[in-house]
Amino acid sequence: DDDRGHVPAALPHDGSTQPQRTHRAKNEEEDVRPAAAACTVTPRWLCAVAGRAAAGRGARMAGGDVPSIIVGGGRIGSALKELGVEGDVVLRRGDAFPATPASGPIYVTTRNDDLAGVVAATPPERRQDLVFMQNGMLGEFLEEQGLPDATQVLLYLAVAKLGEPPIDGITDTNPDGLTTAKGRWAEAFRARLAGGGLTCHVKQGDEYTKAMLEKHVWICAFMVTGALHGGVTVGEVESAHASQLRALVDELCAAGEAALGVRLEPGAFERLAAYGRSVAHFPTAVKEFEWRNGWFHKISQRALAEGRPDPLPLHTAALQELGVVKEGARV
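Calculation criteria
Residues numbered from 1 in each chain as written. Predicted model: local features only at pLDDT ≥ 70, side-chain atom pairs only at ≥ 80, totals over all residues. Heavy atoms only, no water. 1 Å grid on protein atoms, 1.4 Å probe; cavity = no way out; pocket = protein on both sides within 12 Å on 5 of 7 lines; lining within 4 Å. Points joined across faces, edges and corners; volume = space filled by probe spheres on them. Helix = DSSP H or I, 4+ residues; strand = E, 2+ residues; numbered from the N terminus. Nonpolar A, V, L, I, M, F, W, Y, C, P; charged D, E, K, R; others polar. Buried < 20%, exposed > 50% of the residue type's maximum accessible area, 1.4 Å probe, protein only. Pairing = 2+ DSSP bridges. Right-handed = clockwise from strand over helix to strand, strands pointing away. Contact = heavy atoms within 4.5 Å. Core = buried A, V, L, I, M, F, W, Y, C linked by side-chain atoms within 4.5 Å. Phe/Tyr/Trp six-rings, centres within 6.5 Å; stacked < 30°, edge-to-face > 60°. Lys NZ or Arg CZ within 6 Å of the ring centre and 35° of its normal. Axes fitted to C-alpha atoms, helices over the stretch in contact; angles between N-to-C directions.

K.L.:
How should the layout of surface pockets be read in this particular structure?
P.N.:
A water-sized probe rolled over the atoms picks out the places where empty space is left. Approximately 530 Å³ is the volume found for the largest pocket. For the largest pocket, the lining is made up of 23 residues, of which M137, L138, G139, E140 and F141 are closest to its centre. For the lining of the largest pocket, the secondary structure elements donating two or more residues are helix 5 (139–144), helix 7 (205–228), helix 9 (242–260) and helix 11 (293–305). Among the residues making up the lining of the largest pocket, the classes are represented as 12 nonpolar, three polar and eight charged.

Shown next as structure tokens:
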């Protein structure tokens, strides 16, 4: 399983060779009038979700979505194909790069460790069209690939299994959704989601960096805390280990802010906890270390190498307790 969607640990892109069609989000098929009438007894943020789904039914943002290449036929790839337009092509392992569409986004829905191979297999003149939606900090990798301005997506969509509709990343603290995109094809991606009644924000610069840091802190903090307690669910981390989680979130946020030169808006823990409640049934585990917790561990290692105190002592101790790193180990 991979973590690129609503809850990272539950979204494997399995490279299936037996594609199945996903269905439109349930909200998309419902009449907005009963939903609106129910707003007297339904939380306002849920009513907003119903309204957006009805508005997006059968529609695309003007001049937005375009025929695209989708790399990977797993859960997210199949969902993007279902949400897409005529002319989309799904590219699976071993397939030759298609001649058409000759322009437009190339949505990469593979695991992080496959990214270098995907870039290498993409014709040089098309690499600026790649859209990366993996979890973790991709900045260093994209710089090395000569793609520092590539389109990126912070994906908050849950697809429980192949063929099921995607569930939007809506929480009580973020009723307008959490999925965020930046770069050349950000608007096209937003249009694709909007056609299925799903949300997406387009941000650039520091605003995107802050959103990226929050998502990174979420997966690193929840997965480590859950792993420390035997791999309990995300919901159990939020409800039964909140104080431990808060301390780790605060530590990771502070270190991440210093490293990236941004300042998160107040209430980061509350926002991350709310997202945890929205995906409470998902499991926890420390995965793809190089891309996730390894980014924070490098901050610790650099500080120690320069004779400074570890700015992430809770995180370092947790990794050592889990056996992910050894005391004094470098990454």
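More follows now that the structure is in view.
K.L.:
Help me understand the pairing of strand 5 (residues 151–154) in this model?
P.N.:
Successive residues of a regular strand alternate their side chains across the two faces of the sheet. Residue alternation in strand 5 divides its side chains into two sets, T151 and V153 and Q152 and L154, and both sets are buried. By the bridge criterion, two bridges tie strand 4 (residues 130–132) to strand 5 in an arrangement that is parallel. The residue bridging V131 from the neighbouring strand is T151, located in strand 5. With helix 5 bridging strand 4 and the parallel strand 5, this β-α-β connection has right-handed handedness.

K.L.:
In this structure, what is going on with the environment of Q152? I would like to understand it.
P.N.:
In this fold, Q152 is placed in strand 5. For Q152, a relative accessible area of 7% puts it in the buried group. Put simply, Q152 and W185 are 33 residues apart on the chain and 8.7 Å apart in space, counted from C-alpha to C-alpha. If we skip the residues at most four places from it in the chain, Q152 touches F132, L138, L142, T180, A181, K182 and Y208.

K.L.:
Hey, could you run me through the nonpolar core in this one?
P.N.:
The nonpolar side chains of soluble globular proteins are, as a tendency, buried together. V217, W218, V249, L252 and F296 are the most contacted members of the largest nonpolar core, which totals 43 residues. At the level of secondary structure, the elements contributing two or more residues to this core comprise helix 7, helix 8 (234–240), helix 9, helix 10 (268–278), helix 11 and helix 12 (313–322). Looking at this core, the element that brings in the most residues is helix 7, giving 12 residues. The next biggest cluster of nonpolar side chains, apart from the first, holds 21 residues, and it includes I76, L83, V131 and C200.

K.L.:
It is not clear to me how the packing of aromatic side chains should be interpreted in this structure. Could you clarify?
P.N.:
For any pair of aromatic rings, the description rests on two quantities: the centre-to-centre distance and the angle between the ring planes. Under the defined criterion, the tally for this structure stands at seven aromatic pairs. Taking 6.5 Å as the distance between ring centres and 80° as the angle between the ring planes, the aromatic pair formed by F132 and F141 counts as edge-to-face. Judged by relative accessible area, which is 0%, F132 ranks as buried. With a centroid separation of 4.8 Å and an interplanar angle of 25°, the aromatic rings of W218 and F222 are classed as stacked. Of this pair, W218 and F222 are both found in helix 7, four residues apart, which corresponds to roughly one turn of the helix. Ring-pair connections join several aromatic residues into one group, and the members of that group are Y156, W218, F222 and Y275. Over the ring of Y156 we find K215, and its NZ or CZ is 5.2 Å from the ring centre.

K.L.:
Would you take a moment to explain the packing of helix 9 against helix 12 for this structure?
P.N.:
Packed helix pairs are specified by the crossing angle of their axes together with the interaxial distance, meaning the distance between the axes. Where helix 9 contacts helix 12, the two axes come as close as 8 Å, and the packing angle between them is 115°. In contact with A247, L248, E251 and L252 of helix 9, helix 12 contributes P313, L314 and H315. Per-class residue counts for the contact of helix 9 with helix 12 are five nonpolar, one polar and one charged.

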